[in-house]
Amino acid sequence: AQSVTQLDSQVPVFEEAPVELRCNYSSSVSVYLFWYVQYPNQGLQLLLKYLSGSTLVKGINGFEAEFNKSQTSFHLRKPSVHISDTAEYFCAVSEMDSSASKIIFGSGTRLSIRP
Amino acid sequence: EAGVTQFPSHSVIEKGQTVTLRCDPISGHDNLYWYRRVMGKEIKFLLHFVKESKQDESGMPNNRFLAERTGGTYSTLKVQPAELEDSGVYFCASSQVDSIEQYFGPGTRLTVT
């Protein structure tokens, strides 16, 4: 079984400041890792994913995440945030050896940007 | 290309009533998933269709929930009778065969009063 922990339910940040959203996972099997974003009144959108290879993954809107196998972490970062980044961010995993398998989500982190 | 669509966007019903949610996946996507987010908690998997067959329904909470995907196109999720704890946002997602990337719909917000 897999589980995902997002330690921060809310993260307030000033505009143009850097941000890190933390994610740790637990799994007895190898997993794919994802970050999804939900903007206000919209559906879930894939921000980035880690499948294999380089541990630093770049996504849309200037976000990136780093996979750390030893710490079972997949933290999301952005060097300078904008008001438009205000959203809820979800870390997620799915089992690697089973294609088209279900996604296990964390509880989400609300990112609020202050001008 | 149209994305995943869900209907209705919002539904408010009384305890004991029946509600049917609909999901139209992206055309050609054989995989269809239902997820639910209750009271600001994590988004939880409900079930997975491959075409019209239920591949995994391990997340269905109880027998008040019935999902169908006749013809392997759109899917419906019926809650009968609805209880207060069923309130939440129900998401549908679809993907191509052997693809790990799921595309999500905007969700249906269900409120049971």
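This section reports on the structure supplied with the text.

About the cut-offs
- Residues numbered from 1 in each chain as written.
- Chains lettered and ligands numbered in written order.
- Predicted model: local features only at pLDDT ≥ 70, side-chain atom pairs only at ≥ 80, totals over all residues.
- Heavy atoms only, no water.
- Helix = DSSP H or I, 4+ residues; strand = E, 2+ residues; numbered from the N terminus.
- Rg over C-alpha atoms; globule rule 2.2 N^0.38 Å.
- Buried < 20%, exposed > 50% of the residue type's maximum accessible area, 1.4 Å probe, protein only.
- Contact = heavy atoms within 4.5 Å.
- Polar contact = N/O pair within 3.5 Å; in protein donor to acceptor, adjacent residues only side chain to side chain.
- Pairing = 2+ DSSP bridges.
- Axes fitted to C-alpha atoms, helices over the stretch in contact; angles between N-to-C directions.
- Buried area = accessible area lost by both parts, 1.4 Å probe.
- Salt bridge = Lys/Arg side-chain N within 4 Å of Asp/Glu carboxyl O.
- Nonpolar A, V, L, I, M, F, W, Y, C, P; charged D, E, K, R; others polar.

Considerations on the overall build of chain A
Within chain A one finds zero helices and twelve strands. Against the globule reference of 13 Å for 115 residues, chain A gives a C-alpha radius of gyration of 14 Å, in line with a compact fold. Residue burial in chain A is summarised as follows: out of 115 residues, 46% are buried. Restricting the contact set of chain A to residue pairs at least 6 apart, pairs at least 24 apart contribute 57%.

So, the side chain of Gln6(B)
All names here are of chain B. Position of Gln 6 relative to the elements: it lies in strand S1 (residues 5-7). Only 2.9 Å separates the side chain of Gln 6 from the backbone oxygen of Tyr 90, close enough to count as a polar contact. Side-chain polar atoms of Gln 6 contact the backbone nitrogen of Cys 92, separated by 3.0 Å. Here Gln 6 is in contact with Arg 22, Trp 34, Tyr 90, Phe 91, Cys 92, Gly 105, Pro 106, Gly 107 and Thr 108, once residues within four sequence places are set aside.

Details of unusual backbone geometry
The omega angle of the peptide bond from Phe7(B) to Pro8(B) is -5°, so this bond is cis rather than trans. On the secondary structure map, Pro8(B) appears in the loop between S1 and strand S2 (10-13). Positive phi values are uncommon outside glycine, yet Asn41(A) reaches one of about 65°. Turning to its location among the elements, Asn41(A) is positioned in the loop between strand S5 (31-38) and strand S6 (44-50). The exposure class of Asn41(A) is exposed, given its relative accessible area of 83%. Of note in this structure, Asn61(A) is not a glycine but carries a positive phi near 60°.

Side note on the sheet that holds strand S3 (residues 19-24) of chain B
As a general point, the strands of a sheet are linked pairwise by backbone hydrogen bonds and lie either parallel or antiparallel. Residues and elements named next belong to chain B. Read across the sheet, four strands follow the order S1-S3-S8-S7 without closing on themselves; strand pairing throughout is antiparallel. Each edge of the sheet is formed by a strand with only one pairing partner; in this case those strands are S1 and strand S7 (65-68). Direction aside, the axes of adjacent strands within the sheet are offset by 15° on average. Sheet analysis places S1 next to S3, joined by three bridges and oriented antiparallel. Within S3, the residue paired with Phe 7 across the bridge is Arg 22.

Quick look at the pairing of strand S12 (residues 109-114) of chain A
Residues and elements named next belong to chain A. Residues Thr 109, Leu 111 and Ile 113 of S12 are buried on one face, while the alternating residues Arg 110, Ser 112 and Arg 114, pointing to the opposite face, are not. Of the strand pairs in this sheet, strand S2 (residues 10-14) and S12 are connected by five bridges, and their pairing is parallel. Considered in S12, the bridge of Phe 14 is made with Arg 114. With three bridges connecting them, strand S10 (residues 87-95) and S12 associate as antiparallel partners. Looking at the pairing, Glu 88 lines up with Arg 110 of S12.

Things to note about the side chain of His29(B)
All names here are of chain B. Considering the arrangement of structural elements, one finds His 29 in the loop between S3 and strand S4 (31-37). Reaching out from His 29, the side chain makes a polar contact with the backbone nitrogen of Ser 95 at a distance of 3.3 Å. Setting aside anything within four residues of it in sequence, one finds His 29 in contact with Arg 69, Ser 94, Ser 95, Gln 96 and Tyr 103.

Looking at the interface of chain A and chain B
Between chain A and chain B, the contact holds 20 residues from the first and 21 residues from the second. Taking both sides of the interface into account, the surface hidden between chain A and chain B amounts to around 1,600 Å²; carbon and sulfur atoms contribute 61%. In this assembly, chain A and chain B are joined by two salt bridges. Where chain A meets chain B, there are five residue pairs in polar contact (both at pLDDT 80 or more). The set of elements that each furnish at least two residues to the side of chain A that touches chain B consists of S5, S6, S10 and strand S11 (103-105) of chain A. Among the elements that make up the side of chain A that touches chain B, the one with the highest residue count is S5(A) (four residues). Grouping the constituent residues of the side of chain A that touches chain B by class yields ten nonpolar, seven polar and three charged.

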